[in-house]
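A look at the structure
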Amino acid sequence: MRVGVEVGGTFTDLVAIEDGRVRVAKVPSVPAHPDEGAMASLVAGEIDLASVEDLVHGSTVATNAILERKGAPVALLTTRGFRDVLFLPRHNRTQIYDLFYRKPAQVLARRDILEIDERMTARGEVVEALDEAATGAQLAEFLGSGEYKSVAICLLNGYAEPRHERQLAALVAQQFPDLTITCSADVTREFREYERTSTTTLAAYVQPVIDSYLRRFETQLGEQKFDGRFSIMQSNGGRLPVAGMSRNAITSLFSGPAAGVMGAVRQAGLSGHGNLITLDMGGTSTDVCLVADGKPNLSGETEVDGLPIRTPVLDIVTVGAGGGSICWQDDGGMLRVGPESAGADPGPACYGRGGDRPAITDAHMLRGTIRAEAFLGGKMDVDAKASSAVFKTLSDNLDMSPEEAADSAVRVADANIVGAIQLGSTERGRDPRDYVLVPFGGAGPLHAARVAEELDISTILIPPNAGVLSAYGLLASDYLQYETMTRRIPLGGGGGEGGGDAAAEVKALFAELQARATASFRDLGIEANLHFTYSLDMRFIGQAFEITVDVDGAALPDLSADDLLNLFNEAHNRVFSFGESGLHRAEIVSFRLGASAPPDVIPALNEGIGDAVQRGKTKIFDQGERRDCLLLSRAAIAADAGGVSGPALVEDGTSTIFVPHGWSAAVDAQDNILLKWKD
């Protein structure tokens, strides 16, 4: 048996697959104690942990620790003269018209930072050696109070040469063996002092929290005789054995959204689709990711609560448009949706847990696009009257009926999602019409068709059990780790300056990163043949930002500087509509190598799925009109070789699929529902 458990903001999802039989469970999350929700999902799924061979877990523990400022007390050790780096961030303001704007609050105070006498150049040459005796005395005084549980070490130019960071870590470990120690060289080997210091500090801040959570969870699993493989999902779209999280817990920040993308890639790929736009709409937010040729876009940086984190993550755009997103009026009287969410506690009003403001799930209850008796396959009691009651005040203020207000709120949420997709596609040189939309999460299939209409997308693929696809994505993901390094290398066109030497240096640095990744996997007990991907962050000399350029591994041995320049020009032209003009020279800034190994088995989601063939009729309120609508089970569509024409509601146990007028729905050989727009 293989089990995936994904803790979301509203629900905790489980997918268990054994001998081709699929078992799913969905239980309310417990935000204060996410491991309780995870264990509850195992109980709901009737999982015998003694028979589980592979357990993969994803959670929001690291993210919540930063958002709620509940990480461990952390101290930062940095080079003398750079104590205030965190408090002198970039000059950009996210709210330029807010007269009361304040910079994002850091997770430590200035008094928590100790300056160390040492200095390296950007080339890794020693300017001032680290005096271990003097530094040891500094550490004894600074850390001797016992108020810190974690230490972050981020020295100037430590990315180029980590020798002093290693020495400093050894001194701390010798004097204070109980402290968690995080070096920037183990977190990110890329330049930009503010981002690197922020990333290292946040990694140290969440590491004890993650360690404690995983120890507690492992103890509970052990008490139920679990002795299989235990892996944790990362933000980069891959998993690592739990031991890997003890080195760099910051990689687990967005494990849930990343798992959903990988599940979509796997399931859509079985049907021959590689160009995808994934739409993960859960209870708290909607996450959108563009996938080209079966590979999700990767970003080198993200942020949480305004704080930058420099680590490879799937390039996911998030908007506050989930099932629990609050519907409200702004000061100008306009109807808005999100970003505030009712979450798991209290949740939408229809959950009956004290929610007293209208949410998108309540809106669907009023529209009839979610039926109370079929919510979560009929396993969860919901109150449609409560949804109507909380929309009454909003609808009166808008001079609408409750149904009209609910329908308008859903359309606003659709517009928010369209904007997120355009941000991740059109604004980055990609045409959404060239992609298949893959919605999942509890609410994604309800909104997909209307979103696709706005973007002129003609094909939608909805995986089976779409409401728990993120949990399946945990099982479908490879073991994955990234190694990064900053090294500035100029490129000359036409075999000029930087020509052959640049290409040789690129190959040598990638070989170094490859050896480092291989050794890391070996330490984690993964001896499988590794697959490597190669990419470069490049720019014109003088630019303050870079773009990512992928390098074909098969072409790497024969790569020339001109080839690198051509790859950069193609990528730059796609994004900005211009490339090399002869006036500007390009340069490589950073190297990124991905090393992956597939799990022993990737179970199929499409096997063993079946439900009763049910057909009926219902009424819905959609786009300002009350409409007659077919009501179907997924098995009913599968049984109809000709497909079904909308309007129709297809209930799938973990989600509801809305097929509007003008769309048709059919089930393919992989049990995916394909929605097609009729021209």
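Everything below is about the structure printed above this text.
Now for a quick tour of the structure. Everything quoted here is computed from the prediction, not taken from an experiment. (Residues numbered from 1 in each chain as written. Predicted model: local features only at pLDDT ≥ 70, side-chain atom pairs only at ≥ 80, totals over all residues. Heavy atoms only, no water.)

Quick word on the sheet that holds strand S9 (residues 150-153)
- One open sheet holds the four strands; their spatial order is S6-S5-S9-S10, and the pairing between them is parallel. Strands with a single pairing partner mark the edges of an open sheet, and in this sheet they are strand S6 (113-116) and strand S10 (180-183). Between one strand and the next, the sheet's axes are offset by a mean angle of 20 degrees, whatever the strand orientation.
- By the bridge criterion, four bridges tie S9 to S10 in an arrangement that is parallel. By the bridge assignment for S10, Val-151 is matched with Ile-181.
- Against the sheet, helix H3 (residues 132-143) contacts strand S5 (74-79), S6 and S9, and its axis sits at roughly 170 degrees relative to S6.
- Contacts from helix H6 (residues 193-223) reach S5, S9 and S10 within the one sheet, and its direction differs from that of S9 by about 160 degrees. (Pairing = 2+ DSSP bridges. Helix = DSSP H or I, 4+ residues; strand = E, 2+ residues; numbered from the N terminus. Axes fitted to C-alpha atoms, helices over the stretch in contact; angles between N-to-C directions. Contact = heavy atoms within 4.5 Å.)

With respect to the sheet that holds strand S33 (residues 656-659)
- Spatial ordering of the open sheet is given by S29-S30-S32-S33, a layout of four strands whose pairing is mixed. The strands lining the two open edges of the sheet, one partner per strand, are strand S29 (615-622) and S33. Taking each pair of neighbouring strands and ignoring which way they run, the sheet shows an average axis angle of 30 degrees.
- Here S29 runs beside strand S30 (residues 625-633); their pairing, made up of eight bridges, is antiparallel. Residue Lys-617 lies in a different strand from S30, and its bridge partner there is Leu-630.

Some words on unusual backbone geometry
- Cis rather than trans, the peptide bond between Gly-338 and Pro-339 has omega equal to 0 degrees.
- Mapped onto the elements of the fold, Pro-339 is located in strand S22 (residues 335-341).
- Of note, the bond from Gly-646 into Pro-647 is cis; its omega dihedral lies within 30 degrees of zero at 5 degrees.
- Following the sequence through the fold, Pro-647 ends up in the loop between strand S31 (644-645) and strand S32 (648-651).
- Of note in this structure, Glu-46 is not a glycine but carries a positive phi near 55 degrees.
- Looking at where Glu-46 falls in the secondary structure, it is placed in the loop between helix H1 (34-44) and strand S4 (54-58).
- Exposure remark for Glu-46: the relative accessible area of 65% places this residue in the exposed category.
- We note that Asn-465 has phi near 50 degrees; this positive angle belongs to a residue other than glycine.
- Within the fold, Asn-465 resides in the loop between strand S24 (459-462) and helix H12 (469-476). (Buried < 20%, exposed > 50% of the residue type's maximum accessible area, 1.4 Å probe, protein only.)

A closer look at the packing of helix H7 (residues 255-270) against H12
- Relative orientation of the contacting elements H7 and H12 amounts to 75 degrees, with a least axis distance of 7 Å. In terms of orientation, H7 and H12 fall into the roughly perpendicular class. Where H7 approaches H12, its residues Gly-256, Ala-259, Gly-260, Met-262, Gly-263, Ala-264, Arg-266 and Gln-267 are matched on the opposing element by Leu-469, Ser-470, Tyr-472, Gly-473, Leu-474 and Ala-476.
- Looking at the contact of H7 with H12 residue by residue, the class counts come to seven nonpolar, six polar and one charged. (Parallel < 35°, antiparallel > 145°, perpendicular 65-115°, else oblique. Nonpolar A, V, L, I, M, F, W, Y, C, P; charged D, E, K, R; others polar.)

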